[in-house]
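Structure assessment
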Amino acid sequence: MSIEPLLDVRALCAGYGDADILRGIDLKVEAGEIVAVLGSNGVGKSTLNRAISGIVRARAGTIRFDGAAIEHDKPAAIVRRGLIHVPEGRRIFPNLSVRDNLDLGGYRRAAERRATNRERVFAIFPRLYERRAQSAGTLSGGEQQMLAIGRGLMAEPRLLILDEPSLGLSPLLVEELFALIARIHADGVAVLLVEQNVVQSLEIAGRAYILADGQCVMSGRSPDIAADPQLKRAYLGL
Amino acid sequence: MAEPLLSVENVSRRFGGLLAVNGASLSAPAARITALIGPNGAGKTTLFAVISGFLKPSAGRVRYGGEDVTGERPHRLARRGIARTFQIVQPFAGLSVRDNILVGAHLRHPARAVAVTVAEEVGREVGLGDMLDRPAHTLTVAGRKRLELARALATEPKLLLLDEVLAGLNPSEIRDIVPVIRALSTRGIAVVMIEHVMQAVMSLAEHVFVLAEGRIIASGTPAHVTADPAVVEAYLGRGAAAKVGTAHVH
């Protein structure tokens, strides 16, 4: 029996209305890997995330997670399998407390281990512990980003999709965040990291895919991509 | 020397038990770009909200154009010439780019025809000239950031508060928008920007204030503050400090 990748996306097409955004994407994430998805704004990175997590329907192609076809599953069913998507732009519940926001992350999955998981999130993000009783809407931008990631961790992800987690974070906090992602990964969670922060993403990801215009134009080991100046200029705006 | 257009004097803002801004003072002259940097949660956006009238300070004063405007409502301050952008941009998604900008332009131009002309001019200025007819929701992140800038600019501000307009942009998109921001100060607008993209802060700002835990911990030229050990400790981290330092030498 051959071992399937944790996530196996093949010839995926997706879009909105008349617009075809993804035009045949192939992508794999092995258990325990950090894989980066890079590319300019507007090439389809967020649509890819939404299609994988079932928010946008695949128009063609297959998505397999942990050995099962999930391209027709609803988002809640995909969450129950352990594929957790932390969306771009935080999307926290501003009128709920930090603690309640976190607890909602463990609502469908891992509910019985909620307290333990909350402790774990607080250990990773002590700032959230300090602010646990505050309304999430009163948090600063960066704290809201921590909360969104913490909420994702509450569901005990097997694969965590992070859509631009460094957005709005101070340089120091970006360094810390990437170290935390590495730590989350060291706990056995696979990470699909979608980022504009190309340099730091390539430092922690084992492999990377580069998207342009809804297609994957290149994939490979991070050091090889980092060492290719022409590629960075052409597709990554560096 | 002339009084700065904006001066914030010992402003504090408390939320229950939390002192988000603690006796912060800063100033911004016309036709210059001033940056406000600091760790997440330092109180930068709260300070913007106080300056623009969205929040009343618990203590301290905001002076603008030689007058005390502390606690004035945002719409009055907008009329005086203070505009701000928001970190999370929320355009009217179903409206065209033109109509989104028009909302701002109507502040000073009740007549639609005039407002449309102004809106289109502003749209071109920020580089959205080819996209005026497109629904706002079809813009990319970079386009939405430009639209956010345009909506504020259309109110014809003298003081423009930019809250992380570069966040989420890739390096080439940042390079494209930097001259747009520089041009605003060249034509007389006092720009105050909250920004984490240090390369842009280094190249744009003449003066930088660093806020940490609600207090201004450093201020000066970009080179001066980024070399300050307290700023490296609280905000930049060693990696970024080294990069910014290198960038500055070249």
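Since this is a predicted model, take the numbers as computed values, not measurements.

Some words on the overall build of chain B
The helix and strand inventory of chain B stands at 9 helices and 10 strands. At 18 Å, chain B has a C-alpha radius of gyration in line with the 18 Å of a compact globule built from 250 residues. The buried share of chain B, reckoned over its 250 residues, is 49%. Once local pairs closer than 6 in sequence are excluded, the contacts in chain B between residues at least 24 apart make up 65%.

Topic: the interface of chain B and chain A
With 25 residues of chain B at the interface, the matching set in chain A holds 23 residues. Of all the elements in the fold, those that place two or more residues in the side of chain B that touches chain A are α5 (141-153), α6 (171-186) and α9 (229-249) of chain B. No other element matches α9(B), which puts 5 residues into the side of chain B that touches chain A. A breakdown of the residues in the side of chain B that touches chain A according to their chemical character gives 12 nonpolar, 11 polar and 2 charged.

A few points about the domain arrangement of chain A
Residues and elements named next belong to chain A. Partitioning chain A into domains gives domain 1 (7-82 + 157-236) and domain 2 (95-154). Computed over C-alpha atoms only, the centres of domain 1 and domain 2 are separated by 23 Å. Counting residues at the interface gives 15 residues for domain 1, matched by 9 residues for domain 2. Secondary-structure elements contributing two or more residues to the side of domain 1 that touches domain 2 are α2 (75-81), β7 (159-163) and α7 (171-186). Along the lines of polarity and charge, the residues of the side of domain 1 that touches domain 2 split into 11 nonpolar, 3 polar and 1 charged.

Topic: the sheet that holds strand β2 (residues 19-29) of chain A
All names here are of chain A. Read across the sheet, 4 strands follow the order β2-β1-β4-β5 without closing on themselves; strand pairing throughout is antiparallel. Of all the strands in the sheet, the pair left with one neighbour each is β2 and β5 (68-69). When strand β1 (residues 7-16) meets β2, the two strands line up antiparallel, connected through 8 bridges. Bridging from a neighbouring strand, A14 pairs with L22 of β2.

Focus on the pairing of strand β7 (residues 159-163) of chain B
As a general feature of sheets, a regular strand has side chains that alternate between the two faces. Residues and elements named next belong to chain B. Of all 5 residues making up β7, 5 are buried, and the element is well covered by its neighbours. What you see with β7 is no split at all: L159, L161 and D163 on one side and L160 and L162 on the other are buried throughout. Two strands pair when backbone bridges link them, and strand β6 (residues 82-84) and β7 are joined in this way by 3 bridges, in the parallel orientation. Its bridge partner lying in β7, R84 is registered against L161.

Observations concerning the environment of A:A123
Residue and element names in this part refer to chain A. Its place among the elements puts A123 in helix α4 (residues 114-124). Looking at A123, the number of C-beta atoms within 10 Å reads 9, which means it is exposed. Put simply, A123 and P75 are 48 residues apart on the chain and 28 Å apart in space, counted from C-alpha to C-alpha.

A closer look at the sheet that holds strand β3 (residues 34-38) of chain A
All names here are of chain A. The mixed open sheet is built from 6 strands, whose spatial order is β6-β7-β8-β3-β9-β10. A strand with exactly one partner marks an edge of an open sheet, and here the two such strands are β6 (83-86) and β10 (215-221). Across the sheet, the axes of successive neighbouring strands diverge by a mean angle of 15°, strand direction being ignored. Where β3 lies against strand β9 (residues 207-212), 4 bridges are found, and the strand directions are parallel. Bridging across to β9, V37 finds its partner in Y209.

Some words on the packing of helix α3 (residues 98-105) of chain A against helix α6 (residues 141-153) of chain A
Any two packed helices are characterised by the angle at which their axes cross and by the distance between the axes. Residue and element names in this part refer to chain A. It is at 7 Å that the axes of α3 and α6 come closest, and there the two elements cross at 40°. Judged by the sense of rotation from one axis to the other, the crossing of α3 with α6 is right-handed. In this structure, α3 uses V98, N101, L102, L104 and G105 to contact α6, whose residues at the interface are L147, G150, R151 and G152. Of the residues contributing to the contact of α3 with α6, the split by class is 4 nonpolar, 4 polar and 1 charged.

Here's the deal with the nonpolar core
A:V191, A:L193, B:V191 and B:V210 are the most contacted members of the largest nonpolar core, which totals 156 residues. Looking at which element gives the most residues to this core, the answer is α9(B), with 8 residues. In this structure, A:V191 is in contact with A:I34, A:L160, A:L162, A:I181, A:I184 and A:H185, ignoring residues within four places of it in sequence.

Some details on the domain arrangement of chain B
Residue and element names in this part refer to chain B. Assigned domains within chain B: domain 1 (1-81 + 159-250) and domain 2 (88-156). Relative to domain 2, the C-alpha centre of domain 1 lies at a distance of 24 Å. Listed per partner, the contact involves 9 residues of domain 1 and 11 residues of domain 2. The element that contributes the greatest number of residues to the side of domain 1 that touches domain 2 is α6, accounting for 3 residues. Grouping the amino acids of the side of domain 1 that touches domain 2 by side-chain chemistry returns 6 nonpolar, 1 polar and 2 charged.

Quick word on the environment of A:R221
When you line up the elements, A:R221 lands in strand β10. For A:R221, the contacting residues outside a window of four places in its chain are A:G206 and A:R207.

Description of the confidence of the model for chain B
Residues and elements named next belong to chain B. Per-residue confidence for chain B gives a mean pLDDT of 92, with 97% of residues at or over 70. Looking across chain B, the model is least confident in α9, with a mean pLDDT of 75, and most confident in strand β4 (residues 59-64), with 98. For this predicted complex, the interface confidence comes out at an ipTM of 0.70, alongside a pTM of 0.80.

Points about unusual backbone geometry
Residues and elements named next belong to chain A. Notably, E164 is not glycine yet its phi reads approximately 50°, a positive angle. Classification of E164 as buried rests on a count of 23 C-beta atoms within 10 Å. Here the phi dihedral of D213 falls at roughly 50°; this positive angle occurs in a residue that is not glycine. With respect to the element layout, D213 can be found in the loop between β9 and β10.

Each value, and the rule that gives it
Residues numbered from 1 in each chain as written. Chains lettered and ligands numbered in written order. Predicted model: local features only at pLDDT ≥ 70, side-chain atom pairs only at ≥ 80, totals over all residues. Helix = DSSP H or I, 4+ residues; strand = E, 2+ residues; numbered from the N terminus. Rg over C-alpha atoms; globule rule 2.2 N^0.38 Å. Buried ≥ 20, exposed ≤ 12 C-beta atoms within 10 Å, placed from the backbone. Contact = placed C-beta atoms within 7 Å. Nonpolar A, V, L, I, M, F, W, Y, C, P; charged D, E, K, R; others polar. Domains from an automatic or database assignment. Pairing = 2+ DSSP bridges. Axes fitted to C-alpha atoms, helices over the stretch in contact; angles between N-to-C directions. Left-handed = near helix turned anticlockwise from the far one by under 90°. Core = buried A, V, L, I, M, F, W, Y, C linked by C-beta atoms within 7 Å. pLDDT = per-residue confidence, 0-100.

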